[in-house]
Amino acid sequence: MSTSNANFKNKCVAQVNCIFCDSVLCTRGMKAVLLADTEVQLFSTDIPPNRTVDFVASCYSTESCKCKLRDIACLKCGNVVGYHVVAPCKPCLLSCNNGHFWMFNSDAVSTLNRLDATGLNLLLWGDLPELDDSENEEPESPSEEECIR
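About the criteria used
Residues numbered from 1 in each chain as written. Predicted model: local features only at pLDDT ≥ 70, side-chain atom pairs only at ≥ 80, totals over all residues. Heavy atoms only, no water. Helix = DSSP H or I, 4+ residues; strand = E, 2+ residues; numbered from the N terminus. Pairing = 2+ DSSP bridges. Core = buried A, V, L, I, M, F, W, Y, C linked by side-chain atoms within 4.5 Å. Buried < 20%, exposed > 50% of the residue type's maximum accessible area, 1.4 Å probe, protein only. Disulfide = S-S within 2.5 Å.

## Brief notes about unusual backbone geometry
Leave glycine aside and you will find that most residues have negative phi; peptide bonds, for their part, are mostly trans.
Inference 1: If you check the backbone angles, Asp22 has positive phi at about 65° while not being a glycine.
Inference 2: Relative to the helices and strands, Asp22 resides in the loop between strand E1 (14–18) and strand E2 (24–34).
Inference 3: You will see that Arg51, though not glycine, has its phi angle at about 70°, which is positive.
Inference 4: Along the chain, the position of Arg51 falls in the loop between strand E3 (37–45) and strand E4 (53–55).

Written out as structure tokens, the structure is:
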């Protein structure tokens, strides 16, 4: 799914940090809800957060759907911060989703809303360029002016 989808283009882009060690996990985060339980809020990204997280344990599924999941942990401190949807189930793929398969647990991360190039407005998903399939997120540290709490 495209990040410019009308349902998501007005959502703010966030920097996602590990709450345990404050390291930057990704700079293209989006506030989201769990498809299987919309009461559960989390953050997601469309780019594999290479060099900031790694897989821990084996794949598993939940009772609410048949997606295959695998937990991810912060490379700096080792704490579990979320999970990757390794293989989404058909009902989840067919439901309204943002196309993101890297999820961060709200209780394991803190976020900063990013600002656009002018430094005056919040950066929105609809303003981000489309990604190539080969593109991975490099760890970058936006300046304080690019982020607000």
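## A few points about the pairing of E3
Inference 1: Two strands pair when backbone bridges link them, and E2 and E3 are joined in this way by six bridges, in the antiparallel orientation. Among the inter-strand pairings, Leu34 is bridged to a residue of E3, identified as Asp37.
Inference 2: Turn length for the E2-E3 hairpin, with the two strands adjacent in sequence and antiparallel, is two residues.
Inference 3: Relative to strand E7 (residues 102–105), E3 is paired through four bridges, and the arrangement is antiparallel. The residue bridging Phe43 from the neighbouring strand is Phe104, located in E7.

## Quick look at the nonpolar core
Inference 1: Val16, Leu25, Val53, Ile72, Val81, Phe104 and Val109 are the most contacted members of the largest nonpolar core, which has 13 residues in total.
Inference 2: Mapped onto this core, the elements with two or more residues apiece are E1, E2, strand E5 (68–74) and E7.
Inference 3: Formed by 10 residues, the second largest nonpolar core is a distinct cluster that contains Ala32, Leu42, Cys67 and Met103.

## Comments concerning the state of the cysteines
Inference 1: Under the counting rule described, the total for this entry stands at zero disulfides.
Inference 2: Free cysteine Cys92: the closest other cysteine sulfur is in Cys89, separated by 3.6 Å.
Inference 3: Taking relative accessible area as the criterion, Cys92 reaches 13% and is therefore assigned buried.

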